[in-house]
Amino acid sequence: MPYPTTAALAFRNVTRNARRSAIALIAVGFGIVAMLLAAGFIDDILHGMREETIETHLGHVQITRPHYLEAGLAAPFDYLLPDNWPERQLLEKTNRVVVVSPRLTFNGLISLGDTTVSFLADGVEPDKEKNLAKQLKIVAGQNLSETEPKTVILGQGLATSLGAKLGDKVVLVANTQKGGVNAVEVTVRGTFSTVTKAYDDVALRLPLKTAQQLLRVQGTHRWVVLLDRTESTAAVVAALRQQFDSKKFDIVPWSQLADFYNKTVTLFSRQVTVMKLIIAAIIVLSISNTMMMSVMERTGDVGTAMALGNSRRDMLSLFLSEGLMLGIAGALLGVILGWAFAAVISFIGIPMPPPPGATEGFTAKIRLTPGLTSQALVLAILTTLIASVYPAWKASRMIIVDALRHNR
Amino acid sequence: MATRAPVVQVEHICKDYKLGEETVHALKDISFNIDDGVFLAIAGPSGSGKSTMLNMIGCIDTPTSGKIVVDGTDVSGKTPDELADLRSRTISFVFQTFNLFPVLSAEENVEYPMLRRTDISKSERKERVSFFLNTVGLAKYAGHRPNQLSGGQRQRVAIARALATRPRIVLADEPTANLDYKTGESILSMMKAINRAFETTFVFSTHDQRVMGMADRLVRIEDGELTTLGVRAGNVWKYVKEKDVPIPTSDAEMQQLLKEDPELRRMIMEDPELRRALLDDQSVAGVAGKGGR
Ligand SMILES: Nc1ncnc2c1ncn2[C@@H]1O[C@H](COP(=O)(O)OP(=O)(O)OP(=O)(O)O)[C@@H](O)[C@H]1O
Ligand SMILES: [Mg+2]
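Read on for a plain summary of the structure. Computed from a predicted structure; not experimentally measured.

### Details of the overall build of chain B
Consideration 1: Tallying secondary structure elements over chain B gives eleven helices and eleven strands in all.
Consideration 2: Out of the 293 residues belonging to chain B, those deemed buried represent 55%.
Consideration 3: In chain B, 69% of the contacts between residues at least 6 apart in sequence involve partners at least 24 apart.
Consideration 4: Of the roughly 12500 Å² that chain B leaves accessible, carbon and sulfur atoms contribute 48%.

Right, dumping it as structure tokens:
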């Protein structure tokens, strides 16, 4: 039988058997809604975490001297990026780059009264960092300011262990490039927190100029680059690797630095994959059951159709087409309902407790991306089709005379 | 007409069914021919093997041994696909339970068997649908679904469907068993009229005396054995074979038999006469005017 005819017949069977088709559609649609909501929920959490990691801390791309990230903290003076290198200008003019913020990273000791603890400091340009570290939360006081060079902001944990309050004068001590020790007195202007509590326990930030004076150096360790969108990262990294000499620079995308985020993604992705498999199994089981019932109910019809000259292949492709149509319709239904539910749930918001290592809770939404949506469509259509294979094969293998007797 | 080869030749057919340890011999060495254009009834008591015989002729079941030639083609050893194609071109069925597709309207049901025939154009298909729905008197019901039709109407649709492919032979397994007396009779008269008009070969299985009354050929099976072959001229049945006489087991034997019985030969060779003798049925006359295949 020509295929368009088979498809037309399958369409009639599906649409004119409203009750049976509705059962199948509900099964597929329900599975797809469940998958979209669960995956979209986790995706929203991961997406929020990703953007927060980038915007509080990492930026999208970091440019350093080669191997700085592996070995730099132990020998900070061996990996300096001079301010006057022309690549700096080039970088700022690169497409999609919003901000380039230089950072000088070092450790030392911080004292307040009798208390002295070690710290990990970032010397930053306050103006640029305001753009870059949008999500750095100032818990108390104010962020750094260009006009107040002799100030510092402390990570919340560090401020606590030091017993520092706003306005306190603290002394920072660090090694200089030439091997000496230098100190500077700065005022506590504020305290901050990030997603990573361990970092907040030791971190402080101060204006880049003050940091350079303390270490008696020119230059910085990294140029932290913020892009217009996270999705542009790969393209920009590729472009920069073309332009910049790899003997002079390491060009590192955020994804290589976001260790905690990456591990979280791996963990959750496994869970989501398991969930998708479970949903796929549920769809396959319930659809193959529905299809099998449909084939059994229509045994007499199959016998008649074959007696009237239809081949086994005609029967096979008829039932497969019906499965495919149910799959497509169920997928569309599921996606439409999924989007609708997602919109409602996102509007209301899901209150979430603080994630591990963080201090504050947040409101999660359901994040449905085109990628996830097309995955759901493919999953629904594929599983329904797979579920139809055995029933369709059964139908095509029926013994005609036995099938005809079924009508009696 | 009379010189044409038989539509179906049944030669030494046996059919066994295995039921656990036991073997049921449903058909035992049956041979006969079905001539072109006949109205043939297969009669016999319940369980005698009528349906089994029809299924073999219709190529939806295969004999345990023996040979069936349909429209010049020996069907033994054909693949299911080849048999499907043969059915699609030369054989049609009318079922006791009508077997219309419930999701299709009357006209869609009639169109159905033509759908796989790429040699029939769409316009030709539509023409045939309306012609045959008209022939069975259901033009007004074209858009109705089977569950909106009475049993008799359904069987008429089934007959239109069977005729639409212009088959060489229509097989009907107890087509009137699910109908009341009057409706059954009108369905039969209609089939008879169509048989006259289009010279389509009809083969029935039945235990209904009326069906046998309309037939011009009779094959009687009892307990899987062919007991009687009958040919009718006018209102007189000439029995070719009866239980106590050996049954011809080959074409050659049949030919021999015909040679020995000149009256029988005349009846068979001059089929048109035989038919004209039967043309007194009024319901036949109306349709007969509409032309043949
Ligand atoms: N699939 C089968 N398996 C086993 N035995 C079968 C099968 N089909 C038919 N038979 C047997 O073959 C014999 C002939 O059956 P068949 O259906 O041809 O009879 P019939 O003449 O059509 O009877 P009825 O008039 O009741 O329809 C019966 O004894 C029946 O039990
Ligand atoms: Mg029977």
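### Some points on the overall build of chain A
Consideration 1: Looking only at helices and strands, chain A features 15 helices and twelve strands.
Consideration 2: Computed over the C-alpha atoms, the radius of gyration of chain A is 31 Å, more than 25% above the 22 Å expected from 2.2 N^0.38 for a compact globule of 408 residues.
Consideration 3: Dimensions of chain A along its principal axes, counting C-alpha atoms only, are 100 × 45 × 30 Å.
Consideration 4: Residues counted as buried form 50% of the 408 residues belonging to chain A.

### Remarks on the side chain of Thr151(A)
Residues and elements named next belong to chain A.
Consideration 1: Among the structural elements, Thr151 can be located in strand E5 (residues 151–155).
Consideration 2: Residue classification places Thr151 among the buried residues on the basis of a relative accessible area of 5%.
Consideration 3: At a separation of 2.8 Å, a polar atom in the side chain of Thr151 contacts the main-chain carbonyl oxygen of Glu148.
Consideration 4: Those residues within four positions of Thr151 in sequence are excluded, and the remaining contacts are Leu144, Val186, Thr187, Arg189, Leu206 and Pro207.

### Focus on the environment of Val103(B)
Consideration 1: Secondary-structure assignment places Val103(B) in the loop between strand E6 (91–94) and helix H3 (106–115).
Consideration 2: C-alpha separation for the pair Val103(B) and Pro146(B), spaced 43 residues apart in sequence, amounts to 8.1 Å.
Consideration 3: Excluding anything up to four places from it in sequence, Val103(B) contacts Arg12(A), Asn13(A), Arg16(A), Asn17(A), Glu108(B) and Arg145(B).

### Quick notes on the interface of chain A and chain B
Consideration 1: Listed as interface residues are 25 residues of chain A and, on the opposing side, 28 residues of chain B.
Consideration 2: Around 2400 Å² of area is buried between chain A and chain B when both sides are counted, 59% of it from carbon and sulfur atoms.
Consideration 3: Taken together, chain A and chain B are joined by three salt bridges.
Consideration 4: With a shortest N-O distance of 3.2 Å, Arg116(B) and Asp314(A) are connected by a salt bridge.
Consideration 5: Counting across the interface, chain A meets chain B through nine residue pairs in polar contact (both at pLDDT 80 or more).
Consideration 6: Counting only elements with at least two residues in the side of chain A that touches chain B, the list comes to helix H1 (3–16), helix H12 (299–307), helix H13 (312–348) and helix H15 (400–405) of chain A.

### Overview of H13(A)
Consideration 1: Between the first and last C-alpha of H13(A) there are 53 Å, a value that for 37 residues agrees with the 54 Å anticipated at 1.5 Å per step.
Consideration 2: Of the residues trailing H13(A), Gly349(A) is marked for its positive phi of about 90°.

### Notes on empty space enclosed by the protein
Consideration 1: Inspection of every chain in the model, using the stated rule, returns five cavities of 30 Å³ or more.
Consideration 2: Volume-wise, the largest cavity comes out at about 190 Å³.
Consideration 3: Lining the largest cavity we find 17 residues, and of these Asn13(A), Arg298(A), Leu318(A), Phe101(B) and Tyr112(B) sit closest to its centre.
Consideration 4: Mapped onto the lining of the largest cavity, the elements with two or more residues apiece are H1, H12 and H13 of chain A.
Consideration 5: The element that contributes the greatest number of residues to the lining of the largest cavity is H13(A), accounting for four residues.

### Details of the packing of aromatic side chains
Consideration 1: In this structure the tally under the stated criterion is 15 aromatic pairs over all chains.
Consideration 2: A connected cluster of aromatic rings, assembled from ring pairs, spans Trp85(A), Trp223(A), Phe244(A) and Phe249(A).
Consideration 3: The ring of Trp85(A) is capped by Lys248(A), whose NZ or CZ atom sits 4.6 Å from the centre of that ring.
Consideration 4: Looking at Lys192(B), its charged tip hangs above the ring of Phe39(B), at a distance of 5.7 Å from the centre.

### Describing the pairing of E6(B)
All names here are of chain B.
Consideration 1: Residue alternation in E6 divides its side chains into two sets, Ile91 and Phe93 and Ser92 and Val94, and both sets are buried.
Consideration 2: Direction of pairing for E6 relative to strand E7 (residues 169–173): parallel, over a ladder of four bridges. Pairing of Ser92 across the sheet is with Val170, part of E7.

### Concerning the site of ligand 1
Consideration 1: Near ligand 1 lie 14 residues; those nearest to it are Ser46(B), Gly47(B), Lys50(B), Ser51(B) and Thr52(B).
Consideration 2: Those residues lying near ligand 1 are distributed over chains A and B.
Consideration 3: One nitrogen or oxygen atom from the main chain of Ser48(B) is found 3.3 Å from an oxygen atom belonging to ligand 1.
Consideration 4: At the level of elements, strand E1 (8–19) and helix H1 (50–57) of chain B are the ones that each hand at least two residues to the shell around ligand 1.
Consideration 5: No other element matches H1(B), which puts three residues into the shell around ligand 1.
Consideration 6: Grouping the amino acids of the shell around ligand 1 by side-chain chemistry returns four nonpolar, seven polar and three charged.

### A few points about the nonpolar core
Consideration 1: With 84 residues, the main nonpolar core has Phe32(B), Met53(B) and Ile57(B) as its most contacted residues.
Consideration 2: The biggest single contributor to this core is helix H2 (residues 18–58) of chain A, with ten residues.

### Points about a nonpolar patch on the surface
Residues and elements named next belong to chain A.
Consideration 1: Taken together, the side chains of Val274, Ile278 and Ile282 present a nonpolar region at the surface, about 270 Å² in accessible area.
Consideration 2: Tracing the backbone shows Val274 in helix H11 (residues 259–297).
Consideration 3: Taking the relative accessible area as the measure of exposure, Val274 reaches 46% and is therefore partly exposed.

### Considerations on the pairing of E7(B)
All names here are of chain B.
Consideration 1: The element E7 is extensively covered by neighbouring structure, given that five of its five residues are classed as buried.
Consideration 2: Strand direction decides the pairing type here: E7 and strand E8 (residues 201–206), joined by five bridges, are parallel. Of the residues in E8, the one forming a bridge with Asp173 is Ser205.

### A closer look at the pattern of salt bridges
Consideration 1: All chains considered together, the criterion is met by 31 salt bridges over all chains.
Consideration 2: The residue Arg50(A) makes a salt bridge to Glu231(A) at a minimum N-O spacing of 3.0 Å. Taken together, the residues span a long stretch of sequence, with Arg50(A) in helix H2 and Glu231(A) in the loop between strand E9 (222–227) and helix H9 (233–243) at a distance of 181 residues.
Consideration 3: The class of Glu231(A) is partly exposed, set by a relative accessible area of 47%.
Consideration 4: Overlapping salt bridges, with partners in common, bring together Asp314(A), Asp85(B), Arg89(B), Arg116(B), Arg117(B) and Asp119(B) in one network.

### Brief notes about the environment of Glu111(B)
Residue and element names in this part refer to chain B.
Consideration 1: Its place among the elements puts Glu111 in helix H3.
Consideration 2: Glu111 sits in the buried class, given a relative accessible area of 10%.
Consideration 3: The spacing of Glu111 and Ala160 is 49 residues in sequence and 9.2 Å in space, taken between C-alpha atoms.
Consideration 4: At 3.0 Å, the side chain of Glu111 and the side chain of Arg125 are in polar contact.

### Quick notes on unusual backbone geometry
Consideration 1: A positive phi angle, close to 55°, is found at Arg216(A), a residue other than glycine.
Consideration 2: At Asn99(B), a residue that is not glycine, the phi angle is positive and equals roughly 55°.
Consideration 3: Along the polypeptide, Asn99(B) turns up in the loop between E6 and H3.

### Here we look at the sheet that holds strand E5 (residues 73–74) of chain B
Each strand in a sheet pairs with another by means of backbone hydrogen bonds, the pair being arranged parallel or else antiparallel.
Residues and elements named next belong to chain B.
Consideration 1: Strands sit in the order E2-E1-E4-E5 across an open sheet of four strands; the sheet is antiparallel. Each edge of the open sheet carries a strand with a single partner, namely strand E2 (22–34) and E5.
Consideration 2: The pairing of strand E4 (residues 65–70) with E5 spans two bridges and is classified as antiparallel. By the bridge assignment, Val70 is partnered in E5 with Thr73.

How each quantity is defined
Every chain is numbered independently, its residues counted from 1 as its sequence is written. Just so you know, chain letters begin at A and ligand numbers begin at 1, following the order they were written in. Note on the predicted model: pLDDT of at least 70 is required for a residue's local features to be given, and 80 or more for side-chain atom pairs to be given and counted; whole-chain, interface and lining totals, by contrast, use all residues. Values reported for side chains reflect all heavy atoms of the structure, with hydrogen atoms and water molecules removed beforehand. Numbering of helices and strands starts at the N terminus; helices are DSSP runs of H or I of at least 4 residues and strands are runs of E of at least 2. Only protein chains enter the accessibility calculation, which uses a 1.4 Å probe; a residue whose area is less than 20% of its type maximum is buried, one above 50% is exposed, and one in between is partly exposed. Contacts between residues were defined by any pair of non-hydrogen atoms, one from each residue, lying within 4.5 Å. The method behind every accessible area is Shrake-Rupley, applied with a 1.4 Å probe, and residues are considered shielded solely by the protein chains displayed. Our radius of gyration looks at C-alpha atoms and nothing else; its globule reference is 2.2 Å times the residue count to the power 0.38. Under the rule applied, a polar contact is a pair of N or O atoms within 3.5 Å (in protein, one hydrogen donor and one hydrogen acceptor; residues adjacent in sequence only if both atoms are side-chain atoms). Throughout, buried area stands for the accessible area (probe radius 1.4 Å) lost by two parts on being put together, summed over both. We define a salt bridge as a contact between a side-chain nitrogen of Lys or Arg and a carboxyl oxygen of Asp or Glu at a distance within 4 Å. Multiplying 1.5 Å by the residue count of a helix minus one yields the expected span of that helix. A cavity here means a set of points on a 1 Å grid, drawn over the protein atoms and nothing else, where a 1.4 Å probe fits but cannot get out; a pocket is an open set with protein on both sides within 12 Å along at least five of seven lines, and a residue lines either one if it has an atom within 4 Å of a point. Grid points are joined across faces, edges and corners, and a volume is the space filled by probe spheres set on the points. Pairing of aromatic rings covers Phe, Tyr and Trp, the last counted by its six-membered ring, and requires centre-to-centre distances within 6.5 Å; plane angles under 30 degrees mean stacked, over 60 mean edge-to-face, and any other angle means tilted. Here, a charge over a ring means that NZ of Lys or CZ of Arg falls within 6 Å of the ring centre while also lying within 35 degrees of the ring normal. Strands pair, by our definition, only if DSSP identifies at least two bridges between them. Being near a molecule or strand, for a residue, means having at least one of its heavy atoms within 4 Å of it. Note on residue classes: Ala, Val, Leu, Ile, Met, Phe, Trp, Tyr, Cys and Pro are nonpolar, Asp, Glu, Lys and Arg are charged, and everything else, Gly too, is polar. By convention a nonpolar core is built from buried Ala, Val, Leu, Ile, Met, Phe, Trp, Tyr and Cys residues, the set being connected through side-chain atoms within 4.5 Å. Put simply, a patch holds well-exposed residues, over 30% relative accessible area, that have no salt bridge, with like charges counted together within 9 Å and Val, Leu, Ile, Met, Phe, Trp or Tyr side chains within 5 Å.

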